[in-house]
Amino acid sequence: MLSFGRTRTQPRSIRSMSLGGMDFSDPKRKNNVVGKILLAASLTAVCIIMLKQSPTFNSPSPFSLREDGVIHVLVTGGAGYIGSHAALRLLKDGYRVTIVDNLSRGNLGAVKVLQELFPEPGRLQFIYADLGEPKTVNSIFSQNAFDAVMHFAAVAYVGESTVYPLKYYHNITSNTLVVLESMAANDVKTLIYSSTCATYGEPEKMPITEDTPQVPINPYGKAKKMAEDIILDFSKNSDMAIMILRYFNVIGSDPDGRLGEAPRPELREHGRISGACFDAARGIVAGLKVKGTDYKTHDGTCIRDYIDVTDLVDAHVKALEKAIPGKVGIYNVGTGMGRSVKEFVHACKKATGVDIKVDYLPRRPGDYAEVFSDPSKINRELNWTAQYTDLQKSLQVAWRWQKSHQNGYGSPLVMAS
Ligand SMILES: O=c1ccn([C@@H]2O[C@H](COP(=O)(O)OP(=O)(O)O[C@H]3OC[C@@H](O)[C@H](O)[C@H]3O)[C@@H](O)[C@H]2O)c(=O)[nH]1
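Residues numbered from 1 in each chain as written. Predicted model: local features only at pLDDT ≥ 70, side-chain atom pairs only at ≥ 80, totals over all residues. Heavy atoms only, no water.

Enquirer: Help me understand the overall build of the protein in this model?
Expert: Per the secondary structure count, the protein includes twelve helices and 13 strands. Expressed as a percentage of its 417 residues, the buried residues of the protein come to 57%. Relative to all contacts within the protein whose residues are 6 or more apart in sequence, the contacts with residues 24 or more apart total 83%. (Helix = DSSP H or I, 4+ residues; strand = E, 2+ residues; numbered from the N terminus. Buried < 20%, exposed > 50% of the residue type's maximum accessible area, 1.4 Å probe, protein only. Contact = heavy atoms within 4.5 Å.)

Given below as structure tokens:
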């Protein structure tokens with residue numbers, strides 16, 4: 001039985017939740033008032049349609065009808081790549097899940113997939129909201145009895161963070177503060193926080209342990225480090241159970257092909273290496289741009305530790321199960337193996353069967369030469385070990401989804417059919 005051994009006042013219905021939490025901070029959208037209004041109108045329509053189709057819509061909210069002690073997890077960013085995979089795993093394991101997402105980076109189509117897999121009343125609810133709005137967030141918390149929060153929602157491109165640093169500090173650091181304040185105000189006792197290897201910067205010694213000094217070198221890593229610091233300071237006078245997971249480079253997708261990674265095409269220039277390789281393999285872009293060949297590594301390209309998303313969400317569930325009140329656990333989540341960008345591209349060519357054209361460009365601002373993890377602490381303390389360590393196989397699985405979803409989930413604001 002998934003229970004935290006405590007009873008809470010059961011939540012009221014969320015169906016009247018405002019749709020006002022939209023993120024218009026993207027500089028490209030700023031001056032487009034008409035665009036904002038149209039987007040707001042279409043999102044409102046789409047979300048209402050989705051909620052009407054949702055098994056959780058019919059009143060009263062099934063979430064207010066259950067007294068069965070099932071653990072209720074708030075998954076922020078649950079429409080995104082990692083968040084949706086985590087929500088799938090939680091639902092499969094019998095948890096009750098609420099996804100909060102502003103759809104600025106995530107996809108409604110991913111939520112629809114989850115709803116179709118778990119249509120039973122009281123399993124999954126979706127709330128469209130922006131974590132940058134404290135009042136909205138607090139009302140979501142006060143209307144639901146969350147037992148735990150997995151806080152994934154975040155912008156997460158190193159390159160983009162160097163161009164729009166304020167967006168990163170706001171979206172990552174400030175929004176984490178909002179979530180933490182709402183958790184504290186509503187007595188939510190467990191937090192699993194998505195942090196990153198980017199908080200370490202460019203350490204002199206490899207592999208990276210949790211004691212390696214954190215000296216981030218880009219706004220993304222700095223914003224996450226600041227969020228970690230806020231959480232750590234808060235924890236000193238709190239009985240909240242907290243786990244901070246520092247991910248290395250996440251790849252792959254659901255082995256059963258239900259979910260995948262669908263980054264925004266308009267952010268392609270900032271996108272991660274896996275998406276860039278797949279775009280090149282599909283011929284959507286002319287070729288892959290490898291950014292930097294003069295690093296002090298064995299082949300001149302950056303070295304990263306690629307962790308499969310299935311392993312990553314497993315680490316989250318283990319962290320949730322083993323979180324201890326009043327304590328903070330900090331863990332690297334990686335394979336312990338470093339691979340260069342050139343090695344990654346080679347694996348991607350094999351996985352896709354496409355001889356991807358490669359162009360070599362200068363370094364990307366904010367990049368560090370080499371990071372890979374020492375995962376022994378999480379192996380030992382959470383009994384977690386990466387299982388999907390064959391890079392080519394992980395990329396093959398992701399490529400299958402990419403090929404069968406040429407347009408991702410379709411428009412991010414509509415449901416996959
Ligand atoms: O098109 C591309 C994209 C990326 N790259 C290179 O590939 C390497 C990996 O870059 P990615 O953008 O995929 O990933 P990063 O290492 O910058 O950060 C990533 O890992 C840590 C996570 O927490 C971050 O959210 C994630 O963005 C870098 O050397 C980068 O310069 C290219 O050569 N071409």
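Enquirer: Even after reading the chapter, I still don't get the site of the ligand, so can you show me in this structure?
Expert: Taken together, 19 residues sit near the ligand, with Thr196, Lys289, Arg304, Arg364 and Asp367 positioned nearest. Separating an oxygen atom of the ligand from a side-chain N or O atom of tyrosine 220 is a distance of 3.0 Å. One nitrogen or oxygen atom from the main chain of isoleucine 273 is found 2.8 Å from an oxygen atom belonging to the ligand. Contact with the protein chains hides 96% of the accessible area of the ligand, taken as 650 Å² for the molecule alone. Among the secondary structure elements, those contributing two or more residues to the shell around the ligand are helix H8 (273-281) and strand S8 (288-291). (Near = heavy atom within 4 Å. Polar contact = N/O pair within 3.5 Å; in protein donor to acceptor, adjacent residues only side chain to side chain. Areas by Shrake-Rupley, 256 points an atom, 1.4 Å probe, with all protein chains shown as cover.)

Enquirer: Even after reading the chapter, I still don't get the environment of histidine 298, so can you show me in this structure?
Expert: Its location among the elements puts histidine 298 in the loop between S8 and strand S9 (303-304). On the basis of relative accessibility, which here comes to 59%, the residue histidine 298 falls in the exposed class. Separated by 42 residues in sequence, histidine 298 and serine 340 have C-alpha atoms that sit 8.3 Å apart. Not counting residues up to four positions away in its chain, the partners in contact with histidine 298 are Ile303, Ser340 and Glu343. A polar contact of 3.0 Å, which involves the side chain of histidine 298, links it to the side chain of glutamate 343.

Enquirer: Honestly, the nonpolar core in this entry has me stumped. Any pointers?
Expert: It is characteristic of soluble globular proteins that their nonpolar side chains tend to be buried jointly. Counting residues in each nonpolar core, the largest one holds 53 residues, and the members touching the most others are Val73, Leu90 and Ile99. Not counting chain neighbours up to four residues away, the residues in contact with isoleucine 99 comprise Val75, Gly78, Ala79, Ala87, Val111, Leu114, Leu124, Gln125, Phe126 and Ile127. (Core = buried A, V, L, I, M, F, W, Y, C linked by side-chain atoms within 4.5 Å.)

Enquirer: Would you mind going over the pattern of salt bridges with me for this structure?
Expert: If the charged atoms of two oppositely charged side chains come close together, the side chains can form a pair. Summed over all chains, the structure comprises 23 salt bridges. The salt bridge partner of lysine 112 is glutamate 116, with a shortest N-O separation of 2.5 Å. Here lysine 112 and its partner glutamate 116 are both found in helix H3 (residues 108-117), four residues apart, which amounts to about one turn of the helix. Look at lysine 112 and you get buried, because its relative accessible area is 15%. Between arginine 364 and aspartate 367 there is a salt bridge, and its shortest N-O distance comes to 2.9 Å. Each of Arg89, Asp93, Asp314 and Lys318 takes part in a single network of salt bridges with overlapping partners. (Salt bridge = Lys/Arg side-chain N within 4 Å of Asp/Glu carboxyl O.)

Enquirer: What should I look at first to understand the environment of glycine 338 in this one?
Expert: Along the chain, the position of glycine 338 falls in the loop between strand S11 (328-333) and strand S12 (339-340). Take glycine 338: its relative accessible area is 33%, and that puts it in the partly exposed class. As a C-alpha pair, glycine 338 and glycine 94 span 244 residues in sequence and 35 Å in three-dimensional space. Look past the residues within four positions of glycine 338 in its chain and what remains in contact with it is Ile303, Arg304, Glu343 and Phe372.

Enquirer: Explain the environment of glycine 78 to me, please; I cannot follow it from the model alone.
Expert: Here glycine 78 is to be found in the loop between strand S1 (72-76) and helix H2 (81-92). Along the primary structure glycine 78 and lysine 377 are separated by 299 residues, whereas in three dimensions their C-alpha atoms are 27 Å apart. In contact with glycine 78, not counting residues within four places along its chain, are Gly83, Ser84, Ile99, Val100, Asp101 and Leu114.

Enquirer: Any chance you could explain the UniProt feature "domain: NAD-dependent epimerase/dehydratase" (unreviewed entry) in the protein here in plain terms?
Expert: On the UniProt side, "domain: NAD-dependent epimerase/dehydratase" (unreviewed entry) is annotated at positions that read residues 73-334 here. Secondary structure within residues 73-334 divides into 38% helix and 19% strand; the distance between the first and last C-alpha atoms comes to 24 Å. (UniProt positions renumbered as here; feature names shortened; annotations may be inferred.)

Enquirer: Got a minute to help me understand the packing of aromatic side chains in this structure?
Expert: In this description, a pair of aromatic rings is defined by centroid distance and the angle of the planes. With the rule as written, the count across this model stands at five aromatic pairs. Across from the ring centre of tyrosine 295, 4.0 Å away, lies the NZ or CZ of arginine 363, which sits over that ring. Of note, lysine 377 hangs over the ring of tyrosine 331, and the distance from its end group to the ring centre comes to 4.8 Å. (Phe/Tyr/Trp six-rings, centres within 6.5 Å; stacked < 30°, edge-to-face > 60°. Lys NZ or Arg CZ within 6 Å of the ring centre and 35° of its normal.)

Enquirer: Looking at this structure, I do not really get the side chain of serine 373. What am I missing?
Expert: Tracing the backbone shows serine 373 in the loop between strand S13 (358-361) and helix H11 (376-381). Owing to a relative accessible area of 1%, serine 373 belongs among the buried residues under this scheme. Side-chain polar atoms of serine 373 contact the backbone nitrogen of glycine 336, separated by 3.2 Å. Those residues in contact with serine 373 that sit more than four places away from it in its chain are Pro207, Ile208, Phe248, Asp305, Asn332, Gly334, Thr335 and Gly336.

Enquirer: How do you make sense of the packing of helix H4 (residues 134-143) against helix H6 (residues 165-185) when you look at a structure like this?
Expert: For any two helices packed against each other, one specifies the inter-axial angle together with the distance between the axes. In contact at an axis separation of 9 Å, H4 and H6 are set at 35° when each is read in the N-to-C sense. Pair H4 / H6 crosses with right-handed handedness. For the pair H4 and H6, the contacting residues are Pro134, Val137, Asn138 and Phe141 in the first and Val178, Val179, Ser182, Met183 and Ala185 in the second. Among the residues making up the contact of H4 with H6, the classes are represented as seven nonpolar, two polar and no charged. (Axes fitted to C-alpha atoms, helices over the stretch in contact; angles between N-to-C directions. Left-handed = near helix turned anticlockwise from the far one by under 90°. Nonpolar A, V, L, I, M, F, W, Y, C, P; charged D, E, K, R; others polar.)

Enquirer: I would appreciate a short explanation of the pairing of strand S5 (residues 190-196) in the present structure.
Expert: Within a regular strand, side chains alternate between the sheet's two faces. Most of S5 is tucked away: seven of the seven residues are buried. In S5, alternate side chains face the same way, and those of Thr190, Ile192, Ser194 and Thr196 on one face and Leu191, Tyr193 and Ser195 on the other are all buried. Pairing geometry for strand S4 (residues 148-151) and S5, over four bridges, is parallel. Paired with methionine 150 across the two strands is isoleucine 192, which belongs to S5. (Pairing = 2+ DSSP bridges.)

Enquirer: What is the right way to read the pairing of strand S6 (residues 241-247) from this model?
Expert: Within S6, seven of the seven residues are buried, leaving the element largely enclosed by the surrounding structure. Along S6, one buried face is formed by Ala241, Met243, Leu245 and Tyr247 and the opposite face, lined by Ile242, Ile244 and Arg246, is buried too. Strand direction decides the pairing type here: S5 and S6, joined by seven bridges, are parallel. Along S6, the bridge assignment pairs threonine 190 with alanine 241. In this structure, S6 lies alongside S11, joined through six bridges in parallel fashion.

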